[in-house]
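# Report on the structure
What follows is each chain in one-letter form.
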Amino acid sequence: MKDKKILMVCAAMFLLLSGCEKDPYFMEGDYLYTNSDELKYLENHNGILINWNEEGVTDEQKEVIREIVDNFVMVEGGTFKMGANDSMAPADEKPLHYVKLSDYRISKLTVTQKQWKVIMGQYNYVTWNENYGIGNDYPVTQISMSDVQDFLKILNWLSGLHFRLPTEAEWE
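The paragraphs below set out a description of the structure included in this document. (Residues numbered from 1 in each chain as written. Predicted model: local features only at pLDDT ≥ 70, side-chain atom pairs only at ≥ 80, totals over all residues. Heavy atoms only, no water.)

With that out of the way, let us pick up the overall build of the protein chain. Per the secondary structure count, the protein chain includes four helices and nine strands. Put simply, the protein chain has 172 residues, and 41% of those count as buried. Sequence-distant contacts, at least 24 apart, represent 62% of the contacts inside the protein chain between residues at least 6 apart. Summed over all atoms, the accessible surface of the protein chain reaches about 10,600 Å², with 50% contributed by carbon and sulfur. (Helix = DSSP H or I, 4+ residues; strand = E, 2+ residues; numbered from the N terminus. Buried < 20%, exposed > 50% of the residue type's maximum accessible area, 1.4 Å probe, protein only. Contact = heavy atoms within 4.5 Å. Areas by Shrake-Rupley, 256 points an atom, 1.4 Å probe, with all protein chains shown as cover.)

Attention shifts here to helix α2 (residues 113-120). The element α2 is extensively covered by neighbouring structure, given that six of its eight residues are classed as buried. Within α2, burial applies to Q113, Q115, W116, V118, I119 and M120. Considering only its buried residues, α2 is in contact with α1 (59-70) and α3 (145-159). Phi turns positive, to about 50 degrees, at G121, one or two residues after α2.

Turning to the packing of aromatic side chains, a few remarks are in order. Two descriptors summarise a pair of aromatic rings, namely the distance from one centre to the other and the angle between the planes of the rings. All told, the structure shown has two aromatic pairs when counted by the stated rule. Centroid distance F72 to F163: 5.8 Å. Interplanar angle 50 degrees. Geometry classified as tilted. You can see F72 sitting in strand β5 (residues 72-75) and its partner F163 sitting in strand β9 (residues 163-164), a full 91 residues away along the chain. On the accessibility criterion, F72 (10% relative accessible area) is buried. Here W116 and F151 contribute two aromatic rings whose centre-to-centre distance is 4.7 Å and whose plane-to-plane angle is 0 degrees, an arrangement assigned as stacked. (Phe/Tyr/Trp six-rings, centres within 6.5 Å; stacked < 30°, edge-to-face > 60°.)

Counting across every chain of the model gives one salt bridge. R164 serves as the salt-bridge partner of E170, at 2.8 Å between the closest nitrogen and oxygen. (Salt bridge = Lys/Arg side-chain N within 4 Å of Asp/Glu carboxyl O.)

To continue, consider the nonpolar core. In this structure, W116, I119, F151 and F163 are the most contacted members of the largest nonpolar core, which totals 27 residues. Residue contributions to this core peak at six residues, all from α3. Sequence-distant contacts of I119, defined by excluding residues within four places in its chain, comprise Q61, V64, I65, F151, I154, L155 and L158. Of all hydrophobic cores here, the second largest spans six residues; its members include M82, V99, Y104 and A169. (Core = buried A, V, L, I, M, F, W, Y, C linked by side-chain atoms within 4.5 Å.)

Moving on to the environment of L152. In this fold, L152 is placed in helix α3. In the structure, L152 is positioned 32 residues away from M120 in sequence and 9.5 Å away in space, judged by C-alpha atoms.

In this structure, P95 follows K94 across a cis peptide bond, with omega equal to -10 degrees. Position of P95 relative to the elements: it lies in the loop between β6 (78-82) and β7 (97-101). Phi at Q142 takes a positive value of approximately 50 degrees, unusual for a residue other than glycine. Mapping Q142 onto the fold places it in the loop between α2 and α3. Classification of Q142 by relative accessible area gives partly exposed; the value is 33%.

What follows deals with the packing of α2 against α3. Axis separation between α2 and α3 bottoms out at 9 Å; the angle between their running directions is 65 degrees. Our classification of the angle between α2 and α3 gives roughly perpendicular. Crossing geometry of α2 relative to α3 is assigned as left-handed. Between α2 and α3, the residues in contact are Q115, W116, I119 and M120 and D147, V148, D150, F151, I154, L155 and L158, respectively. Tallied by class, the residues present in the contact of α2 with α3 amount to eight nonpolar, one polar and two charged. (Axes fitted to C-alpha atoms, helices over the stretch in contact; angles between N-to-C directions. Parallel < 35°, antiparallel > 145°, perpendicular 65-115°, else oblique. Left-handed = near helix turned anticlockwise from the far one by under 90°. Nonpolar A, V, L, I, M, F, W, Y, C, P; charged D, E, K, R; others polar.)

Structure follows, in structure tokens:
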């Protein structure tokens, strides 16, 4: 089945960063060998330890990743009610239940077309929709879930971080 294109404006391409707290065993400037024998250089950027993949990351990609990391804010975890018991509520919102979340970081800005193009490099096959704007500072649009997964895979490989989309509960 063909990968269905979905329109992702604003909310859909906010990134979430998890598991990025500073590691007490390593410090900025250290080198780290991973299980796959890739050499990673550690950089402390605003309290987040980035494990650069020295074999594959360009200076422009480093700049964009730092820019993405700069846009993250910490959200304190907690418990809240999610869903509804109202008879008028859609079936996928039932039943009302409690959700508990740990602390996490979420981007306060969407992924821009410039960020997408720089991270994806030669693997960028996306064309933007003129109706939503075209330019470096515009959000990415008309991308499939497969496109998003490819973007996240490359972003995570370049930075050694764990970027992902927020869950429904984290988005609430």
